[in-house]
Amino acid sequence: MHELGLLRSVVKAVEAAADAAGATAVEGVGLRVGQLSGAVPEALKGAWPIATAGTKLAGAALEVEEVGAAIWCAACATEQPVDQFYGLRCPACDAPCGNLIRGREFEVVFADVPD
Ligand SMILES: [Zn+2]
């Protein structure tokens, strides 16, 4: 499962941060996941208990914030939402557009440690 590999990197990074902060556990982790990042939020949530088992993140809650994809269309001079089913074309004027400004995020937004 692709998501499991992504989560293992997240767990590694968060554990390193928790170690640096002297925390013995992590209670919750927030991820920002773009619509075109290639990661499926439901699959991330499903793989989370497996990825965190035996780590400082075991039992931590996972929060996934989904980010819709958008391009900047030079022809319309405006931001337009896009999705992977139609490719990177402006939905308003149909111009091909590679100028993705949002949607490929895969990043840790927060990690909560107990006080
Ligand atoms: Zn356009």
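Preceding block: the structure.
Residues numbered from 1 in each chain as written. Predicted model: local features only at pLDDT ≥ 70, side-chain atom pairs only at ≥ 80, totals over all residues. Heavy atoms only, no water.

**Looking at the coordination of the zinc ion**
In an ideal tetrahedron of four donors about a metal, each angle is 109.5 degrees. In an ideal octahedron of six donors, the angles are 90 or 180 degrees.
Logical step 1: The protein atoms donating to the zinc ion are C73 (SG), C76 (SG), C90 (SG) and C93 (SG), with metal-donor distances spanning 2.2 to 2.3 Å.
Logical step 2: Its 4 donor atoms give the zinc ion angles of 105 to 114° at the centre, a pattern that matches the tetrahedral case.
Logical step 3: Sequence spacing of the donors to the zinc ion: C-x2-C-x13-C-x2-C.
Logical step 4: By relative accessible area, which is 30% here, C76 ends up partly exposed. (Donors = N, O, S within 2.8 Å, 3.2 Å for Na, K, Ca; no water. Tetrahedral: all angles 85-135°; square planar, octahedral: opposite > 155°, others 65-115°. Buried < 20%, exposed > 50% of the residue type's maximum accessible area, 1.4 Å probe, protein only.)

**Focus on the sheet that holds strand β6 (residues 106–112)**
Logical step 1: Strand order in the open sheet made by the 3 strands is β2-β1-β6, with mixed pairing throughout. At either margin of the open sheet sits one strand with a lone partner, and together these are β2 (61–67) and β6. Put simply, the sheet's adjacent strands are angled 20° from each other on average, direction ignored.
Logical step 2: Pairing of strand β1 (residues 28–34) with β6 involves 6 bridges; the strand directions are antiparallel. Residue R32 lies in a different strand from β6, and its bridge partner there is E107. (Pairing = 2+ DSSP bridges. Helix = DSSP H or I, 4+ residues; strand = E, 2+ residues; numbered from the N terminus. Axes fitted to C-alpha atoms, helices over the stretch in contact; angles between N-to-C directions.)

**What about the nonpolar core?**
Logical step 1: Grouped together as the largest cluster of nonpolar side chains are 20 residues, with contacts concentrated most on L7, V29, L31, L44, W48 and L57.
Logical step 2: Listed by contribution, the elements that provide at least two residues to this core are α1 (2–21), β1, α2 (41–52) and β2.
Logical step 3: Top element by residues in this core is α1. It accounts for 6 residues.
Logical step 4: Those residues in contact with L7, other than ones at most four positions away along the chain, are L31, L44, A47, W48 and A51.
Logical step 5: Listed in part, the 7 residues of the second largest apolar core include L36, I71, C73 and C97. (Core = buried A, V, L, I, M, F, W, Y, C linked by side-chain atoms within 4.5 Å. Contact = heavy atoms within 4.5 Å.)

**Here we look at α2**
Logical step 1: Between its first and last C-alpha, α2 extends 16 Å over 12 residues, near the 16 Å set by a 1.5 Å rise per residue.
Logical step 2: Within α2, burial applies to P41, L44, A47, W48, A51 and T52. Buried residues of α2, viewed axially, fall in a sector of 145°; they line one side.
Logical step 3: In this fold, the buried residues of α2 make contact with α1, β1, β2 and β6.
Logical step 4: Trailing α2 by a residue or two, G54 shows a phi angle of about 75°, which is positive. (Expected span 1.5 Å × (residues − 1). Arc of directions from axis to C-beta.)

**A few points about the packing of α1 against α2**
Logical step 1: Where α1 contacts α2, the two axes come as close as 9 Å, and the packing angle between them is 55°. With respect to α2, the element α1 is oriented oblique. Between α1 and α2 the crossing geometry is right-handed. In this structure, α1 contributes E3, L4, L7, R8 and V11 to the contact, and α2 contributes A43, L44, A47, W48, I50, A51 and T52. (Parallel < 35°, antiparallel > 145°, perpendicular 65-115°, else oblique. Left-handed = near helix turned anticlockwise from the far one by under 90°.)

**So, α1**
Logical step 1: Taking 1.5 Å as the rise per residue, α1 with 20 residues should run 28 Å; its terminal C-alpha atoms sit 29 Å apart, in good agreement.
Logical step 2: Of the residues making up α1, those classed as buried are E3, L4, L7, V10, V11, V14 and A18. Viewed end-on, α1 has its buried residues packed into an arc of 115°, placing them on one side of the element. Away from its buried face, by an angle of more than 90 degrees, α1 presents the exposed residues K12 and A20.
Logical step 3: Those residues of α1 that are buried lie in contact with β1, α2 and β6.
Logical step 4: Of the residues trailing α1, G22 is marked for its positive phi of about 75°.

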